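So the chains spell out like this:
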Amino acid sequence: MAWFKREDKGIITTTQEKKEAPDGIWNKCPNCKKPLHYSEQVENQYVCHYCGFHLRIGSKEYFSVLFDDNQFTELFADLHSGDPLHFTDTKKYSDRLTETKTKTGLTDAIRAGVGKINGQDIVIACMDFNFIGGSMGSVVGEKIARSIDYSIKHKVPFLMISKSGGARMMEAAFSLMQMAKTSAKLALLAQARIPYISLLTDPTTGGVTASYAMLGDINIAEPGALIGFAGPRVIKETIKKDLPKGFQTAEFVQEHGFLDFIVDRREMKEKLASFLKMLAPYGVQEPVAEKEADNS
Ligand SMILES: [Zn+2]
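Please read these numbers as outputs of a predicted model, since none were measured by experiment.

Calculation criteria
- Residues numbered from 1 in each chain as written.
- Predicted model: local features only at pLDDT ≥ 70, side-chain atom pairs only at ≥ 80, totals over all residues.
- Heavy atoms only, no water.
- Patch = residues over 30% accessible without salt bridge, like charges linked within 9 Å, V, L, I, M, F, W, Y side chains within 5 Å.
- Areas by Shrake-Rupley, 256 points an atom, 1.4 Å probe, with all protein chains shown as cover.
- Salt bridge = Lys/Arg side-chain N within 4 Å of Asp/Glu carboxyl O.
- Helix = DSSP H or I, 4+ residues; strand = E, 2+ residues; numbered from the N terminus.
- Buried < 20%, exposed > 50% of the residue type's maximum accessible area, 1.4 Å probe, protein only.
- Pairing = 2+ DSSP bridges.
- Axes fitted to C-alpha atoms, helices over the stretch in contact; angles between N-to-C directions.
- Parallel < 35°, antiparallel > 145°, perpendicular 65-115°, else oblique.
- Contact = heavy atoms within 4.5 Å.
- Nonpolar A, V, L, I, M, F, W, Y, C, P; charged D, E, K, R; others polar.
- Donors = N, O, S within 2.8 Å, 3.2 Å for Na, K, Ca; no water.
- Tetrahedral: all angles 85-135°; square planar, octahedral: opposite > 155°, others 65-115°.
- 1 Å grid on protein atoms, 1.4 Å probe; cavity = no way out; pocket = protein on both sides within 12 Å on 5 of 7 lines; lining within 4 Å.
- Points joined across faces, edges and corners; volume = space filled by probe spheres on them.
- Polar contact = N/O pair within 3.5 Å; in protein donor to acceptor, adjacent residues only side chain to side chain.

A. Structural context of a nonpolar patch on the surface. Together, L85, F174 and M177 give the surface a local cluster of nonpolar side chains, amounting to about 280 Å² of exposed area. By secondary structure assignment, the location of L85 is in the loop between β3 (72-75) and α3 (93-104).

B. Molecular detail of the pairing of strand β8 (residues 218-221). Residues I218 and I220 of β8 are buried on one face, and the alternating residues N219 and A221, pointing to the opposite face, are buried as well. One ladder, built from 4 bridges, connects strand β7 (residues 196-204) with β8; its direction is parallel. Each bridged residue has a counterpart across the sheet, and for L199 the counterpart in β8 is I220. Bridging between β8 and strand β9 (residues 261-262) involves 2 bridges; their strand directions are parallel. In the sheet register, I220 faces β9, and the bridge partner there is F261.

C. A look at the packing of helix α4 (residues 138-154) against helix α5 (residues 172-191). As a packed pair, α4 and α5 sit with axes 9 Å apart at the nearest point and diverge in direction by 5°. If you check the angle between α4 and α5, you find them roughly parallel. Taken together, the residues of α5 that come into contact with α4 (itself represented by S138, G141, E142, I144, A145, I148, D149, S151 and I152) are Q178, K181, T182, K185, L186, L188 and L189. In the contact of α4 with α5, the residues fall into 7 nonpolar, 5 polar and 4 charged.

D. Focus on the pattern of salt bridges. Counted under the stated rule, the structure contains 15 salt bridges. Residue K269 pairs with D68 through a salt bridge whose shortest N-O separation is 2.7 Å. Separated by 201 residues along the polypeptide, K269 in helix α9 (residues 265-279) and D68 in the loop between α2 (59-66) and β3 bring together distant segments of the chain. Here the two residues K269 and D68 agree in accessibility, since each one is buried.

E. Region of the structure containing the coordination of the zinc ion. Only C29 (SG), C32 (SG), C48 (SG) and C51 (SG) from the protein coordinate the zinc ion, and they sit 2.3 Å from it. Given 4 donor atoms and angles of 107 to 113° at the metal, the environment of the zinc ion is assigned as tetrahedral. Sequence spacing of the donor residues for the zinc ion, all on one chain, is C-x2-C-x15-C-x2-C. Of this pair, C32 sits in the loop between β1 (26-28) and β2 (35-37) while C48 sits in the loop between α1 (38-43) and α2; the two residues are 16 residues apart in sequence, bridging distant segments of the chain. Classification of C32 as partly exposed rests on a relative accessible area of 26%.

F. The arrangement of the layout of surface pockets in detail. Roughly 480 Å³ of internal volume is contained in the largest pocket. Along the wall of the largest pocket there are 22 residues; nearest its centre are R56, I57, G58, E61 and N130. The set of elements that each furnish at least two residues to the lining of the largest pocket consists of β1, α1, α2 and α3. Ranked by residues supplied to the lining of the largest pocket, first place goes to α2 with 3 residues. Among the residues forming the lining of the largest pocket, the class breakdown is 7 nonpolar, 7 polar and 8 charged. Taken as a whole, the second largest pocket holds about 220 Å³ of empty space. Around the second largest pocket, the lining residues are T209, M214, I227, G228, F229, F247, Q248, F252, V253, H256 and F258. Taken together, the residues that form the lining of the second largest pocket break down as 7 nonpolar, 4 polar and no charged.

G. Region of interest: the environment of S198. Considering the arrangement of structural elements, one finds S198 in strand β7. Sequence separation between S198 and I161 is 37 residues, and the spatial gap between their C-alpha atoms is 6.3 Å. Excluding its chain neighbours within four sequence positions, the residues that come into contact with S198 are M160, Y212, A213, G216, I218, N219 and I220. A polar atom in the side chain of S198 sits 2.6 Å from the backbone oxygen of A213.

Scope: geometric values only; no functional claims are made or implied.
In structure tokens, the structure reads:
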């Protein structure tokens, strides 16, 4: 039996009069396929409330989840990528940049801001996957380097949220150089005794995993995040062996000693705030060895 019965025949609605559901109000969970209402997603920190799947989000959403009252000052917002190699693949790199900027409203695959987490100062740099696959080019590296300088100058802890397909091939060596540059800056941050927390989200791969993402004083990840260097297909073809189940998930990576914690996004802010409290005060303690030398 049909649920609805059409009593009047020949009803015609013109296209102009047809009502449509507004775009973006509903979203489907990529894991359990259940419909998620936009306002519920925001309330639940963009985690599916049916299955706990962590939806992929960008810097705008991470900032709103983490900064107190979504209040922060954006840092180094005016950095733009050049096209030093005049690179062309399916299209010119310069055209790709212009198009992506218009489409996403972002200037590159990263944004940085300074604000507070439960009243404690923090600098957060967060990658955006929508911008050319969250690829690490010279702007990404430079913004991280300058954010670290800012952290050192103002004695504020640094949180890096990684989400990346790896190096930006259109910038070739200029992109790969960022691995060394950011790692060197992080060494200066450690020397200044300012905490660095690295948060790896889905996906964190390639040169980003091989540099700043794995160098945190505390390395944490979101549940189920893909974390690796090369993709599973490449590894399988190289070692000619089947890969273990769950290979390159945050859980697998943690079990093998590369991560300290896996934290649910809904508890992330509280967890980060407690880490910061534990590590405070920053940049003032003398190294233990020096203290001992003074006492003798
Ligand atoms: Zn779900």
